[in-house]
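Structure at a glance
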Amino acid sequence: ANITKNASDRIEIYEMSLKYVSNHEIIWKNLINLLKVDDISKVNTYLRKAVECIPSSADLWITLAKYEDYENAKEILNKARKAIPNNLDIWITALK
């Protein structure tokens, strides 16, 4: 198997994968980690799409909030608390 080490090829593979398996959290996280060094606005766009596809992922909500200013982060964490009200990590992050 020829596993590509080129980040742009890997990004393309993850993007294609998400067309078929949009609710796979690990694929989203791997894609976002690859993009972090590339383009913050793309990271934000993909994180927003990720929480739409997997609203039960506290990690994705919290990561999205970290890429926002205070007011937007507050709004995002409020949406996260509605989506997963029993998740303590969301509540703790919102209190910070």
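To keep things clear, this report deals only with the structure shown in the data block. (Residues numbered from 1 in each chain as written. Predicted model: local features only at pLDDT ≥ 70, side-chain atom pairs only at ≥ 80, totals over all residues. Heavy atoms only, no water.)

Some words on the overall build of the protein chain
Applicable threshold: A helix here means a DSSP run of H or I that spans at least four residues, while a strand means a run of E at least two residues long, and both kinds are numbered starting from the N terminus. Only protein chains enter the accessibility calculation, which uses a 1.4 Å probe; a residue is then buried when its area is under 20% of its type maximum, exposed when over 50%, and partly exposed in between.
The helix and strand tally for the protein chain stands at six helices and zero strands. The linear arrangement of helices and strands in the protein chain, starting from the amino end, is α-α-α-α-α-α. Across its three principal axes, the protein chain shows a C-alpha extent of roughly 45 × 25 × 15 Å. By the burial criterion, 31% of the 96 residues in the protein chain qualify as buried.

Quick word on the packing of aromatic side chains
Let me state the cut-off plainly: Paired rings are identified among Phe, Tyr and Trp, the last through its six-membered ring, by centres lying within 6.5 Å, and are further divided according to the angle between planes into stacked (under 30 degrees), edge-to-face (over 60) and tilted (the rest). Only when the NZ of Lys or the CZ of Arg is both within 6 Å of the ring centre and within 35 degrees of the ring normal is a charge said to sit over the ring.
Throughout the structure, instances matching the rule amount to one aromatic pair. Between Trp28 and Tyr46 the ring centres are 6.3 Å apart and the planes differ by 55°, which places this aromatic pair in the tilted class. With a gap of 18 residues between them, Trp28 in helix α2 (residues 25-35) and Tyr46 in helix α3 (residues 40-53) connect regions that are remote in the sequence. The residue whose ring lies beneath Arg81 is Trp91, and the NZ or CZ to ring-centre distance is 4.7 Å.

Details of the environment of Trp28
The line we're drawing: In what follows, residue pairs with any heavy atoms lying within 4.5 Å of each other are defined as contacts.
Relative accessible area serves as the criterion here: at 3%, Trp28 is assigned to the buried category. Sequence spacing of Trp28 and Asn72 is 44 residues, and the spatial spacing of their C-alpha atoms is 21 Å. Those residues in contact with Trp28 that sit more than four places away from it in its chain are Leu18, Ser22, Tyr46, Lys49, Ala50, Cys53, Ile54 and Leu60.

Description of the pattern of salt bridges
Which entries qualify depends on this criterion: We count a salt bridge whenever a side-chain nitrogen from Lys or Arg sits within 4 Å of a carboxyl oxygen from Asp or Glu.
Tallied over the full model, the rule gives five salt bridges. For Glu25, the salt bridge identified is with Lys29, shortest N-O distance 3.2 Å. Of the two residues, Glu25 and Lys29 both sit in helix α2, four residues apart, roughly one turn of that helix. A residue is classified by how much of its surface remains accessible, and Glu25, at 25% relative accessible area, is partly exposed. Close ionic contact of Lys79 with Glu75 constitutes a salt bridge, the shortest N to O distance being 3.8 Å. Note that Lys79 and Glu75 are positioned in helix α5 (residues 70-83) at a spacing of four residues, about one turn of the helix.

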